[in-house]
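Summary of structural features
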Amino acid sequence: MSLSLGIALYLMIWFMTLFAVLPFGVKTQGEVGDVVEGTPASAPAAPRLMRVALVNTLVASVAFVIVWATLEYDWLGLYIPPENSAPAAVTP
């Protein structure tokens, strides 16, 4: 896997896992009982975005290592060697 593919894959995994990790441990203003005027009761009381980013980075890193190992070691059997990928040229 090239470096650019690895970076692109990691960023894709990071943003996809962000939406899974984002709601963990969030208490809404309605649950806390302190709804700020002009906001819905379902708005987070204290979003703790740095904690979410750190947890998300950890989860995304584990997922990336699994995907990288799967591709690198061909656990799915998808690799076709170059000599077997096309028929040999006919020479007169």
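An account of the accompanying structure is given in this report. (Residues numbered from 1 in each chain as written. Predicted model: local features only at pLDDT ≥ 70, side-chain atom pairs only at ≥ 80, totals over all residues. Heavy atoms only, no water.)

1. A closer look at the overall build of the protein chain
Rules: The helix and strand labels rest on DSSP assignments: H or I over at least four residues marks a helix, E over at least two residues marks a strand, and numbering proceeds from the N terminus. For every residue, the accessible area obtained with a 1.4 Å probe (protein chains only) is divided by the maximum for its type, and the residue is called buried under 20%, exposed over 50%, and partly exposed between those limits. All accessible-area figures derive from a Shrake-Rupley calculation using a 1.4 Å probe, and residue coverage is judged against the displayed protein chains alone.
In terms of regular secondary structure, the protein chain is built from four helices and zero strands. Sequence-ordered secondary structure for the protein chain, helices as α and strands as β, is α-α-α-α. Expressed as a percentage of its 92 residues, the buried residues of the protein chain come to 17%. Carbon and sulfur atoms form 72% of the exposed surface of the protein chain, whose accessible area is close to 7,200 Å².

2. Brief notes about the packing of aromatic side chains
Note the cut-off: Put simply, two rings from Phe, Tyr or Trp (the six-membered ring, in Trp's case) pair if the centres are within 6.5 Å, and we call them stacked under 30 degrees between planes, edge-to-face over 60, tilted for the rest.
As enumerated under the stated definition, the model contains four aromatic pairs in all. Measuring from centroid to centroid gives 5.1 Å for Trp 14 and Phe 15, while their planes differ by 80°, and the two rings are edge-to-face. Its relative accessible area of 47% is what places Phe 15 among the partly exposed residues. Taken together, Trp 68, Tyr 73 and Trp 75 form an aromatic cluster joined through their ring pairs.

3. Re the side chain of Thr 70
The criterion, for reference: Side-chain atoms alone can form a polar contact between residues adjacent in sequence; in general such a contact is a pair of N or O atoms within 3.5 Å, and within protein one must be able to donate a hydrogen while the other accepts it. Residues are treated as being in contact if the distance between any of their heavy atoms lies within 4.5 Å.
Note on placement: Thr 70 falls in helix α3 (residues 49-72). The exposure class assigned to Thr 70 is buried, which follows from its relative accessible area of 18%. Within the local environment of Thr 70, its side chain forms a polar contact with the backbone oxygen of Ile 66, the two atoms lying 2.7 Å apart. Look past the residues within four positions of Thr 70 in its chain and what remains in contact with it is Trp 75 and Leu 76.

4. Examining the nonpolar core
Selection rule: Among buried residues, those of type Ala, Val, Leu, Ile, Met, Phe, Trp, Tyr and Cys that are joined through side-chain atoms within 4.5 Å constitute a nonpolar core.
In terms of nonpolar packing, the biggest core is built from eight residues, these being Leu 9, Ile 13, Trp 14, Leu 18, Val 21, Val 52, Ala 60 and Phe 64. Taken together, the elements giving at least two residues each to this core come down to α1 (3-21) and α3. The element that contributes the greatest number of residues to this core is α1, accounting for five residues.

None of this, on its own, says anything about what the molecule does.
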